[in-house]
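Here is what each chain is made of, one letter per residue.
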Amino acid sequence: MIRQAKGKTPRRPAPKKPSSNQKDPVGVYCRVRPLGVEDEECCIEVISSSTIQLHAPEGFKTNRNGEYKETQYSFKKVFGVSISQMELFEHVAKPLVDDLIHGRNGLLFTYGVTGSGKTFTMTGSPGQGGLLPRSLDMIFNSIGPYQAKRYVFKTDDKNGMEVQNEVDALLERQRRENNVSVPKTPSSRQKIDPEIADMIKPEEAYKADGVDEDSSYSIFVSYIEIYNNYIYDLLEETQEDAIKPKWNGGGTPVRLNTEFIPPQSKILREDQNHNMYVAGCMEVEVKSAEEAFQVFWRGQKKRKVANTRLNRESSRSHSVLIIKLAQAPLDADGDNILQDKSQVAVSQLCLVDLAGSERTGRTGAEGTRIREAGNINQSLLNLRTCIEVLRENQMCGTNRMVPYRDSKVTHLFKNYFDGEGKVRMVVCVNPKADDYEETLLVMRFAEMTQEVEVARPVDRPICGFTPGRRHRNQAFKEELSRKLEERGGPIDRDMPSVISHLVHNLPPLPSSELTDPHDDITLPRLIEALQNRHRIRQMMIEEYSKAADTMKSMLQQLDSNLVSNDNFIHEQNGKLVEKDKIIQNNKTEIERLEKRSKMQEHKIDILQKTTKIYEDDKRSLRHELETREQRLQRELSDKRRMEQRMHGVVTDTQYKWEKECDRRVNAMQLEMQNKLWVKDEKLKQLKAIVTESKTPGGRPDPPPRQTQQLRPSREERLPAKRSASPSPVPTATPVRPLHRRSRSAGGEKWVDHKPSSSMDLGTVLQPVIPNSIQVSTPSEKALSKCDRYVLTHQEVASDGEIQTKLIKGEVIKTRGGGQAVQFTDIETLKQELTTVPRKRKSSEGKNGGGTDGDWTDVETRCSVAMEMRAGSNMGPGYEHHGITKRRKP
């Protein structure tokens, strides 16, 4: 079995309220409190009537650079320390009171840091009444003559108002006066509290203009506080005894003495018009400004206040005084209130004293005070969040949900921000330096609040009755009184006196005393007088009947005229309704077009920003492309230059190796020829030794002169045998051929890198490099100025001698803008100590016979040729030839 899904309860559609295209920004005013001490540092300066400037106090830096920054903020109007309460009321609260009397709602709240003068601005002191008492005084000065009797207007506990006739109102008054359990409303005749006496001077009284005289008015006040995000009624009688136990009639407590009844919090509800109200809140009907303010002061004494380090009487809750004005039109006669609930108009003015934001570190709060401060700051933060979302929705055309329900303050006044009335805020600031940081946050919130716009409320429809009814009714009563006075009596006489007056106007009756039974005169005279009086009475009745008929005809004519006027008014109302529909359709279309225009503007802004980003990217990419092209051109030119340089290096290397190969071939040929010659000489000497050994008789005689001269001939033939390679010069030192330098070598600059640890060997031959920069440590600056590099390196060779190497290279620029060295060649310089080897001589024979022993010495007999090879560690090559040593004869 499949269970059917439970459907959701459909939401009740909101009633369509006539919207207005006209919007007004939230009016934000600023009031500067005087300094408590004259020599205290001030951080606020009033520049003009709408601008203030904040100076950072000493020791406080507002930005990371450590510079003092001055900021300016603009408001609708700025009130300095010398402004009076009356001037403040005239600019801020007086327009809201005018709107209240003309059927429009208003919201006024004070905002600021703790100890900035919010409560003084709202309430005031004796002789310096604040916005609240002055508003009440202006209301009753304006509607005083037109007030309805008490209990004619009656609340229905659903944020509505009912109307009852004067008889029911009289019975209600008597019931309440006789009922002891129902608390009596304070009367204006009671003694006024001295703390609130003389709040307003008579010369400072205000009165509204354009009050509707054809309506009756009544004022209801309610006073609540929002403490720890709970709503409490300050006018509730039970709240005064909230901490006392309940007692019954027998004198025994209903509960234990340890159990106390806490004050009952109220809840917010929504009426049939989707307006928020506090359910179960006590609304007191007042008939004078003194009575209304005394009701307020009774609740003010119950408000949560505490002593903190910054404020002796710091408000721990948000207080809201709701002034509700009920008005209903008079009937067609202008005498009684029209008994039609739909014709009752209710407007209200909310005066809110917000608790000040505070930091627990400065106030020294502990325990309950910390919780109170946290709830106060959280509710103010929710108010800022709602203002931010409203501003974003209006400026960007978005439709984000405004979080009104996160706090009781914002939830209660959400209708005002949705277009149910004007909203004004008074920002109170304290110019002392200790509040500078909190004042900055308050100024930013106030500046943001000014950008929020609230729809202007639509005026209520005008009743179809003829204006001036009350005045005509009073004139009619005065005329009737005058007529009656002319006929013999005032209008206020009772009925018997009027009848006696009419009787006195008739002819007097004759004496009716009968003294004789046969008297025939008295009775006929009496009958005649009565007949005369009857005739006069009939004449008066006829006159009154004629007058009544005339009046009736006049009334019928007036009724017919009234019916025709009603028909005409009905037709005109029908036309007005049609016009209103057309206007509403046009307004709806205009709103749709405006919203669409806002959306298009928002899209255009986004597209412009995107286009700007793309253009910036395009410029950056183009710049990067140009940079890379320049770098590529530079690299290509470097590559061509490197190719040319390498071509020259290859040519020089090729030429060098060709020369080296030729030299090596010649050296090898010479070496082979020398080896062959040495072997030939050895063979000849061996042959000679063998030949001599075969000759008997010991050592032969020296050869003849010719034979001795043959050796030189052999010696002379030696160059002929070695003619294959040129004979080296003994004194010349062959040097390894260097690279062929390019034609532009004369303009090259060298970096001569000689470490500080190099030793001076004191040799005759020293490497000299012209056009060079000598450094002990190479640097990028030196390398950037030169294009060749040489490093002088010393190390110990295998034979224990110190040899010097010159490591050469070329300086090449890298892609990153630096320099690199590419080594190309190494030259080695070595110093050797020459030691003459000991020649081995053959000893003479013991027999005293000398031999040709010079040729027995290997060094003498062998001719040795040595030459430095490429890459060898030997010094310059040398060549030595053995010469035959001749002995003296």
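Let me sum up the structure you'll find in this document. (Residues numbered from 1 in each chain as written. Predicted model: local features only at pLDDT ≥ 70, side-chain atom pairs only at ≥ 80, totals over all residues. Heavy atoms only, no water.)

We now examine the overall build of the protein. In terms of regular secondary structure, the protein is built from 17 helices and 29 strands. Here the protein holds 889 residues, and the buried ones make up 32% of them. Sequence-distant contacts in the protein: of pairs separated by 6 or more residues, those separated by 24 or more amount to 69%. For the protein, the exposed surface amounts to about 57,900 Å²; the carbon and sulfur share of it is 53%. (Helix = DSSP H or I, 4+ residues; strand = E, 2+ residues; numbered from the N terminus. Buried < 20%, exposed > 50% of the residue type's maximum accessible area, 1.4 Å probe, protein only. Contact = heavy atoms within 4.5 Å. Areas by Shrake-Rupley, 256 points an atom, 1.4 Å probe, with all protein chains shown as cover.)

Here we come to the packing of helix 1 (residues 85-92) against helix 2 (residues 94-101). Running from N to C, helix 1 and helix 2 point in directions that differ by 50°, and their axes come no closer than 4 Å. In terms of axis orientation, helix 1 runs oblique to helix 2. Here F89, E90, H91 and V92 of helix 1 lie close against helix 2, whose contacting residues are K94, P95 and L96. A breakdown of the residues in the contact of helix 1 with helix 2 according to their chemical character gives 4 nonpolar, 1 polar and 2 charged. (Axes fitted to C-alpha atoms, helices over the stretch in contact; angles between N-to-C directions. Parallel < 35°, antiparallel > 145°, perpendicular 65-115°, else oblique. Nonpolar A, V, L, I, M, F, W, Y, C, P; charged D, E, K, R; others polar.)

What follows concerns the sheet that holds strand 3 (residues 44-46). In spatial order, the strands read 3-4-5; together these 3 strands make up an open sheet with antiparallel pairing. Each having just a single partner strand, strand 3 and strand 5 (71-74) make up the two edges of the open sheet. Averaged over all pairs of adjacent strands, the angle between strand axes in this sheet comes to 25°, irrespective of strand direction. Sheet topology note: the strand 3/strand 4 (residues 51-54) ladder contains 3 bridges and is antiparallel. What sits directly across from V46, in strand 4, is I52. (Pairing = 2+ DSSP bridges.)

The subject of this paragraph is the pattern of salt bridges. For the structure shown, the criterion picks out 29 salt bridges. The residue K414 makes a salt bridge to D418 at a minimum N-O spacing of 3.7 Å. Here K414 and its partner D418 are both found in helix 10 (residues 414-420), 4 residues apart, which amounts to about one turn of the helix. Judged by its relative accessible area of 46%, D418 is partly exposed. A salt bridge links K684 to D680; its shortest N-O distance comes to 3.9 Å. (Salt bridge = Lys/Arg side-chain N within 4 Å of Asp/Glu carboxyl O.)

As a further point, take the side chain of S407. For S407, the position within the fold is in the loop between helix 8 (368-396) and helix 9 (408-412). Among the polar contacts made by the side chain of S407, one reaches the main-chain amide nitrogen of V409 at a distance of 3.4 Å. Those residues in contact with S407 that lie beyond four places of it in its chain are N229, S379 and N382. (Polar contact = N/O pair within 3.5 Å; in protein donor to acceptor, adjacent residues only side chain to side chain.)

Another point: the nonpolar core. Formed by 56 residues in total, the largest nonpolar core has its most connected members in I52, F75 and F413. What I52 contacts, discounting residues up to four positions off in sequence, is C30, I44, E45, V46, I47, T71, Q72, Y73, F75, V78 and M443. If you look at the next biggest cluster of nonpolar residues, it comprises 45 residues, including V92, L108, L136 and Y206. (Core = buried A, V, L, I, M, F, W, Y, C linked by side-chain atoms within 4.5 Å.)

Attention now goes to unusual backbone geometry. Even without being a glycine, N228 presents a positive backbone phi close to 55°. By the element assignment, N228 lies in the loop between strand 12 (215-227) and strand 13 (230-233). For N771, which is not a glycine, the phi torsion comes out positive at approximately 55°. Locating N771 in the fold gives a position in the loop between strand 23 (750-753) and strand 24 (772-775).

This part takes up the environment of V211. When you line up the elements, V211 lands in the loop between helix 5 (166-178) and strand 12. The spatial distance from the C-alpha of V211 to the C-alpha of I101 is 7.1 Å, given a sequence separation of 110 residues. With residues up to four places along the chain from it excluded, the contact list for V211 reads I101, S142, I143, Y146 and Y217.

A few words on helix 5. In a regular helix each residue adds 1.5 Å, so 13 residues correspond to 18 Å; helix 5 covers 18 Å between its end C-alpha atoms and thus fits that length. Turning to helix 5, its buried residues number three or more, namely A169, E172 and R173. Down the axis of helix 5, the buried side of the element spans an arc of 100°, and every buried residue falls inside it. Facing away from the buried side of helix 5, by more than 90 degrees, are the exposed residues V167, L171 and N178. On the buried face of helix 5, the contacting elements are strand 10 (153-155). The N-terminus of helix 5 is capped by N165, whose side-chain oxygen sits 2.8 Å from the backbone nitrogen of D168. (Expected span 1.5 Å × (residues − 1). Arc of directions from axis to C-beta.)

On to the packing of helix 8 against helix 11 (residues 436-449), then. The contact between helix 8 and helix 11 brings their axes to 10 Å, and the two run at 35°. Crossing hand, helix 8 versus helix 11: left-handed. For the pair formed by helix 8 and helix 11, the contact residues are L383, R384, I387, E388 and R391 on the first element and L441, F445, M448 and T449 on the second. Each residue belonging to the contact of helix 8 with helix 11 can be placed in one class, and the counts come to 5 nonpolar, 1 polar and 3 charged. (Left-handed = near helix turned anticlockwise from the far one by under 90°.)

It is worth spelling out the sheet that holds strand 24 at this point. With mixed pairing, 5 strands are arranged side by side in an open sheet as 24-23-25-26-27. The open sheet has two edge strands, strand 24 and strand 27 (819-830), and neither has a second partner. Averaged over neighbouring strand pairs, the angle between their axes works out to 25° when direction is ignored. Taken together, the 9 bridges between strand 25 (residues 788-796) and strand 26 (residues 802-813) define a ladder with antiparallel strand orientation.

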